[in-house]
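# Inside the fold
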Amino acid sequence: MLRRSRAVGTPKAAGKRSPVARLGKVAGLVSLIALGATGCSTDEVLRFGWPEGITPQANRMREFWTWSVVAALIIGVITWALILWPVVAHRKRGETLPKQFQYNHFLEWIYTGIPVVIVVVLFYFTATTQNYVQAETDNPDVTVDVLAFQWNWEFDYVGYRNGGAEQKPAAPGDTTVRTIGSSAEIPLLVLPTGRTIEYKLHSRDVIHSFFVPEFLFKRDVFPRPEKNDQDSTFQNRIDKQGSFVGRCAELCGTYHSAMNFEVRAISPDLFDQYLKLRTQTNPDTGKGYTAAEALTKMNCGDLCSPTAVTTKPFNTDRTARTATK
Ligand SMILES: [Cu+2]
């Protein structure tokens with residue numbers, strides 16, 4: 001028989017490495033090259049493709065993600081080894097079956113017990129991380145009403161008295177600071193760093209989704225969330241100044257892909273200045289300061305750019321034959 005003659009005709013050469021060792025060496029080399037070729041820092045590698053978070057909530061989720069992937073990889077390597085070991089090491093043992101282990105109670109306890117422990121540990125960390133991310137205080141420093149509509153966003157800061165920077169419970173005579181996006185202008189959601197922000201989400205028409213990749217968080221935006229029994233608020237704190245793109249993450253119609261906004265995170269002092277301006281009248285126009293006018297007047301470099309820097313309006317002309325980036 002072919003198999004027997006091959007088995008007899010290939011004696012192990014002295015000093016020759018076992019197939020398992022060779023496989024391990026090749027796998028190690030491939031992973032080293034793959035890691036080196038990406039040119040990533042350790043931090044970047046440990047994020048496993050996630051963006052860098054800018055809120056404590058994002059950091060908690062990222063840590064959970066990193067350890068989940070590390071645990072999954074360790075379990076994966078052990079599982080692959082357990083599969084490959086009999087496949088490679090026992091492939092030339094002739095016609096007889098290898099040693100059988102069925103009805104071994106000790107082994108059965110092990111391979112039932114280990115997955116149960118894995119599920120319990122994952123569940124514990126999922127629940128505690130989720131509780132942390134969804135925690136809300138009764139008195140957030142800033143509240144923003146986010147209205148999604150086909151196909152743009154409106155951001156309202158309710159409860160500001162004329163010329164004041166402090167947000168109070170809504171009352172008659174308040175100024176609502178409002179920023180509305182259009183097909184020609186990306187709306188800027190200006191927010192302070194270091195303060196607790198509450199986002200109250202609702203939609204005017206279909207279901208949208210509020211997504212800022214650097215928050216590592218998104219939430220569906222429902223029409224009439226109270227009727228849909230939806231928790232439509234969430235809170236976070238931004239720890240890093242800068243401009244961060246925001247998107248609609250729920251396919252919501254023709255111009256869904258154009259439904260972008262930009263979070264502009266600035267220092268609390270600048271934010272107070274911004275809101276003070278937004279509640280005042282611009283002497284040049286005779287109307288309240290728009291977001292762009294207020295930012296231009298504040299003149300604080302890149303952070304005060306009057307237009308979005310992370311994205312730009314899409315071409316909504318359906319007869320256009322070239323795409324805008
Ligand atoms: Cu949408």
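Residues numbered from 1 in each chain as written. Predicted model: local features only at pLDDT ≥ 70, side-chain atom pairs only at ≥ 80, totals over all residues. Heavy atoms only, no water.

A separate point is the pairing of strand E1 (residues 142-149). Remember that side chains alternate between the two faces of the sheet whenever the strand is regular. Burial within E1 is extensive, with eight of its eight residues counted as buried. Across the two faces of E1 the burial is the same, with Val142, Val144, Val146 and Ala148 and Thr143, Asp145, Leu147 and Phe149 all buried. Both E1 and strand E5 (residues 196-203) contribute to a ladder of seven bridges, which runs parallel. Bridged to Ala148 within E5 is Ser203. (Buried < 20%, exposed > 50% of the residue type's maximum accessible area, 1.4 Å probe, protein only. Helix = DSSP H or I, 4+ residues; strand = E, 2+ residues; numbered from the N terminus. Pairing = 2+ DSSP bridges.)

Turning next to the packing of helix H4 (residues 56-89) against helix H5 (residues 105-134). In a pair of packed helices, the angle between the axes and the distance between the axes together describe the arrangement. Running from N to C, H4 and H5 point in directions that differ by 170°, and their axes come no closer than 9 Å. In terms of orientation, H4 and H5 fall into the roughly antiparallel class. Mapping the contact onto sequence places Pro56, Gln57, Arg60, Met61, Phe64, Ser68 and Ile75 in H4 and Ile118, Leu122, Phe125, Thr126, Thr128, Thr129, Tyr132 and Val133 in H5. A breakdown of the residues in the contact of H4 with H5 according to their chemical character gives nine nonpolar, five polar and one charged. (Axes fitted to C-alpha atoms, helices over the stretch in contact; angles between N-to-C directions. Parallel < 35°, antiparallel > 145°, perpendicular 65-115°, else oblique. Contact = heavy atoms within 4.5 Å. Nonpolar A, V, L, I, M, F, W, Y, C, P; charged D, E, K, R; others polar.)

A few words on the pairing of strand E8 (residues 233-237). Within E8, four of the five residues are buried, leaving the element largely enclosed by the surrounding structure. Of the strand pairs in this sheet, E5 and E8 are connected by five bridges, and their pairing is antiparallel. Bridge pairing links Lys200 to Thr233 in E8.

Let us now look at the packing of helix H6 (residues 268-278) against helix H7 (residues 291-298). Viewed as axis vectors pointing N to C, H6 and H7 meet at an angle of 130°, and their least axial separation amounts to 9 Å. Considered as vectors, H6 and H7 are oriented oblique to each other. The chirality of how H6 crosses H7 is right-handed. Only Ala291, Ala294, Leu295, Lys297 and Met298 of H7 make contact with H6, whose side of the interface consists of Leu270, Gln273, Tyr274, Leu277 and Arg278. The class makeup of the residues in the contact of H6 with H7 is seven nonpolar, one polar and two charged. (Left-handed = near helix turned anticlockwise from the far one by under 90°.)

Attention shifts here to the environment of Pro192. Mapped onto the fold, Pro192 is located in strand E4 (residues 188-192). For Pro192, a relative accessible area of 0% gives the class buried. Between the alpha carbons of Pro192 and Ile266 there is a distance of 5.1 Å; along the sequence they are 74 residues apart. Other than its neighbours up to four places away in sequence, Pro192 contacts Val142, Ile197, Ile238, Ile266, Pro268 and Phe271.

Around a metal, the ideal angle is 109.5 degrees if four donors adopt a tetrahedral arrangement and 90 or 180 degrees if six donors adopt an octahedral arrangement. Every protein donor of the copper ion is accounted for by His208 (ND1), Cys248 (SG), Cys252 (SG) and Met259 (SD), and the metal-donor separations fall at 2.1 to 2.7 Å. Around the copper ion, the four donor atoms sit at angles spanning 90 to 125°, and that spread fits a shape best called tetrahedral. Coordination of the copper ion draws on donor residues from a single chain, spaced H-x39-C-x3-C-x6-M in sequence. In this pair, Cys248 is assigned in strand E9 (residues 242-248) and Met259 in the loop between E9 and strand E10 (260-266), connecting sequence segments 11 residues apart. In this structure, Cys248 and Met259 share a single accessibility class: buried. (Donors = N, O, S within 2.8 Å, 3.2 Å for Na, K, Ca; no water. Tetrahedral: all angles 85-135°; square planar, octahedral: opposite > 155°, others 65-115°.)

Moving on, we come to the state of the cysteines. Under the definition given, this model contains one disulfide. Across a sulfur-sulfur distance of 1.8 Å, Cys300 and Cys304 are joined as a disulfide pair. Taking the torsion about the sulfur-sulfur bond, which here is approximately 85°, the covalent link between Cys300 and Cys304 counts as right-handed. Judged by relative accessible area, Cys300 falls into the partly exposed class, the value being 24%. (Disulfide = S-S within 2.5 Å.)

Next up on the list: the confidence of the model for the protein chain. With 84% of its residues at a pLDDT of 70 or more, the protein chain has an overall mean of 85. Predicted confidence in the protein chain is weakest over helix H1 (residues 2-9), with a mean pLDDT of 40, and strongest over strand E6 (residues 208-212), with 97. Across residues 1-15, where pLDDT falls below 50, the model places four contacts with residues more than four positions away in sequence or in other chains. (pLDDT = per-residue confidence, 0-100.)

Our next topic: H5. Helix length check: H5, at 30 residues, gives a terminal C-alpha distance of 43 Å against a target of 44 Å (1.5 Å per residue), a fit within 8%. For H5, the N-terminal capping position is held by Asn104, with its side-chain oxygen 3.1 Å away from the main-chain nitrogen of Phe106. (Expected span 1.5 Å × (residues − 1). Polar contact = N/O pair within 3.5 Å; in protein donor to acceptor, adjacent residues only side chain to side chain.)

Tallied over the full model, the rule gives eight salt bridges. Across the pair Glu262 and Arg264 runs a salt bridge whose closest N-O atoms are separated by 2.8 Å. Take Glu262 and Arg264: they sit in the same class, and that class is buried. (Salt bridge = Lys/Arg side-chain N within 4 Å of Asp/Glu carboxyl O.)

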